[in-house]
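The lines below spell out each chain.
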Amino acid sequence: MTPQLSDNYMVTIAERLKSAYARIALAEKKAQKPAQSVSLLAVSKTKPVQLIIDAYEAGHRKFGESYVQEAVDKIKQLPHRDIEWHFIGPIQSNKTKPIAENFSWVQSVERIKIADRLNKQRPNNLLPLNVLIQVNISNDAAKSGCPVEEVSELAEFIAQSRQLTLRGLMTIPAQTDNEAELIASFSQLRACFDTLKTQYPSMDTLSMGMSGDVEAAITAGSTMVRIGTDIFGARDYPTQQH
Ligand SMILES: *Cc1c(COP(=O)(O)O)cnc(C)c1O
């Protein structure tokens, strides 16, 4: 790539980030939420390290990845100490160690066995791993996530794990064009979050909303949206299956 092309490319990522922030700001305003109450996770899965560097140079610090090996390769190439890496993909139990060693957040914990392994494998010289429980709010058997009725048991387990900090909940709703339905499911998770938070004050993060449903999620009380496509462009290989 010639320097000039590369410069143009950087402007593009910076501009896309700027529009993502503007979209969030507008949604906060419309939903009468305080300005900057919703944070942005830039989802860089499947995208080259250069695009992460571009976003970093534009001032962004929170990045989300879904595939363990790909993520660890990128993290090793970017030893910036102030990047906050979030793991957001499905977790197989034989992949918990690299997650526990390389990330500061995991948003996709859905069962005790995985939480237990992450707790035991989190190195003692690192701060506790910040954990979100991924909740299945769509009553869809094929979807991943902890069933709503099992969330409180998992929350209790995480809260009493020394090397884990329970920070909140995350969800990926079933796809639908029905905005009202979407807001209703997101609101159901917000209610669950508010209830649990009275018991676990370390909970401060409700991660919901992706490129397609940022406004619905913010209306329902999201505190973090996870945006991939709108910042980095369409992906060549598919989003996680769920
Ligand atoms: C890929 C992914 C995203 C980003 O999705 P976009 O539609 O590209 O914004 C958000 N959350 C999770 C869990 C993902 O796997």
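First things first, this report covers the structure right here in the doc.

Right, let's talk about the pairing of strand S7 (residues 164-170) for a bit. Buried residues dominate S7, accounting for six of its seven residues. Here strand S5 (residues 129-136) runs beside S7; their pairing, made up of six bridges, is parallel. The residue bridging Leu129 from the neighbouring strand is Leu164, located in S7. Two elements, S7 and strand S8 (residues 205-207), share three bridges in a ladder whose sense is parallel. Residue Met170 lies in a different strand from S8, and its bridge partner there is Ser207. In terms of handedness, the path from S7 via helix H7 (residues 179-199) over to S8 forms a crossover that is right-handed.

In this section: the nonpolar core. Counting residues in hydrophobic clusters, the biggest one holds 65 residues, and the most contacted among them are Leu118, Ile133, Ile158 and Leu169. Top contributing element to this core by residue count: H7, with six residues. Ignoring anything within four residues of it in the chain, the contact list for Ile133 reads Gln107, Val109, Cys146, Val151, Leu154, Ala155, Ile158, Leu166, Gly168, Leu169 and Met170.

Close to the ligand lie 14 residues; Lys45, Ser211, Arg226, Thr229 and Arg235 are nearest. Ser211 is positioned with one of its side-chain polar atoms (N or O) 2.6 Å from an oxygen atom of the ligand. Between an oxygen atom of the ligand and a main-chain N or O atom of Gly228, the distance comes to 2.8 Å. Partitioned by chemical class, the residues of the shell around the ligand number five nonpolar, six polar and three charged.

Here we come to the pairing of S5. Taken across its eight residues, S5 has eight buried, putting it largely inside the fold. Residues Leu129, Val131, Ile133 and Val135 line one face of S5 and the alternating positions Asn130, Leu132, Gln134 and Asn136 line the opposite face, and both faces are buried. The pairing of strand S4 (residues 105-109) with S5 spans three bridges and is parallel. Looking across to S5, one finds that Val106 is bridged to Val131. Regarding the hand of the β-α-β motif, the stretch spanning S4, helix H5 (residues 112-121) and S5 is right-handed. For S5 and strand S6 (residues 146-147), the ladder comprises two bridges, and the chain directions are parallel. Pairing of Asn136 across the sheet is with Pro147, part of S6.

About the thresholds
- Residues numbered from 1 in each chain as written.
- Predicted model: local features only at pLDDT ≥ 70, side-chain atom pairs only at ≥ 80, totals over all residues.
- Heavy atoms only, no water.
- Buried < 20%, exposed > 50% of the residue type's maximum accessible area, 1.4 Å probe, protein only.
- Helix = DSSP H or I, 4+ residues; strand = E, 2+ residues; numbered from the N terminus.
- Pairing = 2+ DSSP bridges.
- Right-handed = clockwise from strand over helix to strand, strands pointing away.
- Core = buried A, V, L, I, M, F, W, Y, C linked by side-chain atoms within 4.5 Å.
- Contact = heavy atoms within 4.5 Å.
- Near = heavy atom within 4 Å.
- Polar contact = N/O pair within 3.5 Å; in protein donor to acceptor, adjacent residues only side chain to side chain.
- Nonpolar A, V, L, I, M, F, W, Y, C, P; charged D, E, K, R; others polar.

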